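Results of the structural survey
Chain by chain, the residues run as shown.
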Amino acid sequence: MKAASICSSDQTGCHFLSLANLFDRVIQHSARMHGISNDLHSEFELYFLPSKNQIGRVNRNCHTSTILTPNGKEYAQRIAREELTEVILKLLVAWRDPLWHFHQNMAQQLQFNHFSSNKSLEMSDMVHELQKGVQKVAEKMQTLGIISNSLGNLGSPKALLKSDGAEWRLMNDYDLLYCFRRDSNKIQNYLKILKCRTVPEHGC
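The shown structure was predicted, so the numbers you read here are calculated from the model rather than taken from an experiment.

A short note on the overall build of the chain
- Each helix and strand counted, the chain has 7 helices and 0 strands in total.
- Looking at the chain as a whole, 50% of its 204 residues are labelled buried.
- For the chain, the accessible surface area stands at approximately 10,400 Å², while carbon and sulfur atoms represent 49% of it.

Let's talk about the packing of aromatic side chains
- Enumeration according to the criterion identifies 1 aromatic pair in this entry.
- Taken together, a centroid distance of 5.2 Å and an interplanar angle of 70 degrees make the contact between Trp95 and Phe180 edge-to-face. Taken together, the positions of Trp95 in helix H4 (residues 81–107) and Phe180 in helix H7 (residues 173–198) put the pair 85 residues apart, joining distant regions of the chain.
- Given the relative accessible area of 0%, Trp95 is considered buried.

Digging into the pattern of salt bridges
- For the structure shown, the criterion picks out 7 salt bridges.
- Between Glu43 and Lys119 there is a salt bridge, with the nearest N and O atoms lying 2.7 Å from each other. Linking Glu43 in helix H1 (residues 19–48) with Lys119 in helix H5 (residues 114–143), this pair joins segments that are 76 residues apart in sequence. Each member of the pair Glu43 and Lys119 is classed as buried.
- A salt bridge links Glu139 to Lys136, with the shortest nitrogen-to-oxygen separation between them at 3.8 Å. In this pair, Glu139 and Lys136 both sit in helix H5, 3 residues apart, roughly one turn of the helix.
- The exposure class assigned to Lys136 is buried, which follows from its relative accessible area of 18%.

What to know about the environment of Ile187
- Along the chain, Ile187 falls in helix H7.
- Among the residues examined, Ile187 registers a relative accessible area of 0% and is labelled buried.
- For Ile187 and Ile27, which are 160 residues apart along the polypeptide, the C-alpha to C-alpha distance reads 8.9 Å.
- With residues near it in sequence (within four places) discarded, Ile187 still touches Met33, Ile88, Leu91, Leu92 and Leu130.

Observations concerning the environment of Leu40
- Within the element layout of this structure, Leu40 appears in helix H1.
- Residue class for Leu40 comes out buried when judged on its relative accessible area of 0%.
- Sequence-wise, Leu40 and Lys119 are 79 residues apart; in three dimensions their C-alpha atoms are separated by 7.6 Å.

Considering the packing of H4 against H7
- At a closest axis distance of 10 Å, the pairing of H4 and H7 adopts a crossing angle of 150 degrees. Taken together, the axes of H4 and H7 are roughly antiparallel relative to one another. As for how H4 packs across H7, the hand of that crossing is left-handed.
- Classifying every residue of the contact of H4 with H7 by side-chain character gives 19 nonpolar, 3 polar and 4 charged.

Calculation rules
- Residues numbered from 1 in each chain as written.
- Predicted model: local features only at pLDDT ≥ 70, side-chain atom pairs only at ≥ 80, totals over all residues.
- Heavy atoms only, no water.
- Helix = DSSP H or I, 4+ residues; strand = E, 2+ residues; numbered from the N terminus.
- Buried < 20%, exposed > 50% of the residue type's maximum accessible area, 1.4 Å probe, protein only.
- Areas by Shrake-Rupley, 256 points an atom, 1.4 Å probe, with all protein chains shown as cover.
- Phe/Tyr/Trp six-rings, centres within 6.5 Å; stacked < 30°, edge-to-face > 60°.
- Salt bridge = Lys/Arg side-chain N within 4 Å of Asp/Glu carboxyl O.
- Contact = heavy atoms within 4.5 Å.
- Axes fitted to C-alpha atoms, helices over the stretch in contact; angles between N-to-C directions.
- Parallel < 35°, antiparallel > 145°, perpendicular 65-115°, else oblique.
- Left-handed = near helix turned anticlockwise from the far one by under 90°.
- Nonpolar A, V, L, I, M, F, W, Y, C, P; charged D, E, K, R; others polar.

Just geometry here; none of it tells us what the structure is for.
Written out as structure tokens, the structure is:
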């Protein structure tokens, strides 16, 4: 299943949405993405980790640990909106390749059912869609003068990440899924905080 687009059938549809509506759409999208990551994490434990003892020995050194993220809600509410937006985009860009390769691995696992393999593909697609949606939010904030243009080239992954982040290639699939579940939760929370700081009159 392909992830639904955040905007209408083409990306020009975003231009006709208010900033509050754009925020609502990316937050809903991030919530679905995090929900799928939770489901897959649970299924992965069921299929591949019959021994609960294995779970405690997971290597949780995530490849995104080099991305400086706000530690806690209070700090996320204090840092500049430009910085928070950039952190969200960096996290999304860092997961594009790893999730695609994760899906490729899952498609080859016979004991991992077809429905779950489709969900891994949907999760990969959702990262791409959410990145485009957050870029549209940032562009709208720049147009309205809410944030500066200091984010630079929002469409260029290389402009956001200085290295290719290939450390993820050393991680096994379970570690990768654990780390994505953690980061997708961060992304969802950061988007909610960014919305409340930017358009507090809309549902905060």
